[in-house]
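Fold and geometry: a report
As a plain string of letters, each chain reads:
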Amino acid sequence: MDAPVSLRKCEYKAELDMQTLVWAKGRGFPLGRLGSHLMCPQCGNKDVNVMFEPLPTVKVVMKERA
């Protein structure tokens, strides 16, 4: 008999700190493989989805001095 399996989807979300990831995984670690090397701290699942969001762009507008 197989062990019971949870069918409830974990909705845990967190922001990852890039500096900590670099310290832990190394500078040359491929970001595309990051999800397969993480574990959800809430449910323990190792099937983690990682989404990358670009930083917001900031426009600097300079005024001419009269």
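Note that residues are indexed from 1 along each chain, following the sequence as it is written. pLDDT decides what is reported in this predicted model: residues at 70 or higher carry local features, side-chain atom pairs at 80 or more are listed and counted, and totals for whole chains, interfaces and linings draw on all residues regardless. Only heavy atoms go into the side-chain values, all of them from the structure, while hydrogens and water stay out.

1. Let's talk about the overall build of the protein chain
- Counting from the N terminus, the helices are DSSP H or I runs at least four residues long and the strands are E runs at least two residues long. Each helix and strand counted, the protein chain has 1 helix and 0 strands in total.
- The classification of residues rests on relative accessible area computed with a 1.4 Å probe and restricted to protein chains. Under 20% of the type maximum is buried, over 50% is exposed, and intermediate values are partly exposed. The 66 residues of the protein chain split such that 9% are buried.
- To be clear on the numbers: accessible area is Shrake-Rupley with a 1.4 Å probe, and residue cover counts the displayed protein chains and nothing else. Accessible surface for the protein chain amounts to roughly 7300 Å². Of this, 56% is attributable to carbon and sulfur atoms.

2. Observations concerning a nonpolar patch on the surface
- A surface patch of nonpolar side chains, about 350 Å² in accessible area, is lined by Met18, Val22, Leu31 and Phe52.
- Among the structural elements, Met18 can be located in helix H1 (residues 18-25). Surface patches are drawn from residues lacking salt bridges whose relative accessible area is over 30%; two like charges belong together within 9 Å, two nonpolar side chains (Val, Leu, Ile, Met, Phe, Trp, Tyr) within 5 Å. Counted as salt bridges are all cases of a side-chain nitrogen of Lys or Arg within 4 Å of a carboxyl oxygen of Asp or Glu.

3. A short note on the packing of aromatic side chains
- Pairing of aromatic side chains requires ring centres within 6.5 Å, counting the rings of Phe and Tyr and the six-membered ring of Trp. Pairs whose planes differ by under 30 degrees are stacked, by over 60 edge-to-face, and all others tilted. The tally for this structure, following the rule as stated, stands at 0 aromatic pairs.
- The positively charged end of Lys25 is found above the aromatic ring belonging to Phe29, 6.0 Å away from the centroid. Note on criteria: charge over ring means Lys NZ or Arg CZ within 6 Å of the ring centre, with the direction from the centre no more than 35 degrees off the ring normal.

4. Digging into the environment of Asp47
- Of note, Asp47 is situated in the segment after H1.
- Each C-alpha atom of the pair Asp47 and His37 lies 9.0 Å from the other, and the pair is 10 residues apart in sequence.

5. Here's the deal with the environment of Leu21
- With respect to the helices and strands, Leu21 occurs in helix H1.
- In this structure, the C-alpha to C-alpha distance between Leu21 and Leu31, residues 10 residues apart in sequence, is 9.8 Å.
- We call two residues contacting when some pair of their heavy atoms lies within 4.5 Å. Excluding its chain neighbours within four sequence positions, the residues that come into contact with Leu21 are Leu16, Gly26 and Leu34.

6. Regarding the state of the cysteines
- Any two cysteine sulfur atoms within 2.5 Å of one another count as a disulfide. Inspection of the entire model under this criterion finds 0 disulfides.
- With no disulfide of its own, Cys40 lies closest to Cys43 among cysteine sulfurs, the gap being 3.7 Å.
- Owing to a relative accessible area of 11%, Cys40 belongs among the buried residues under this scheme.

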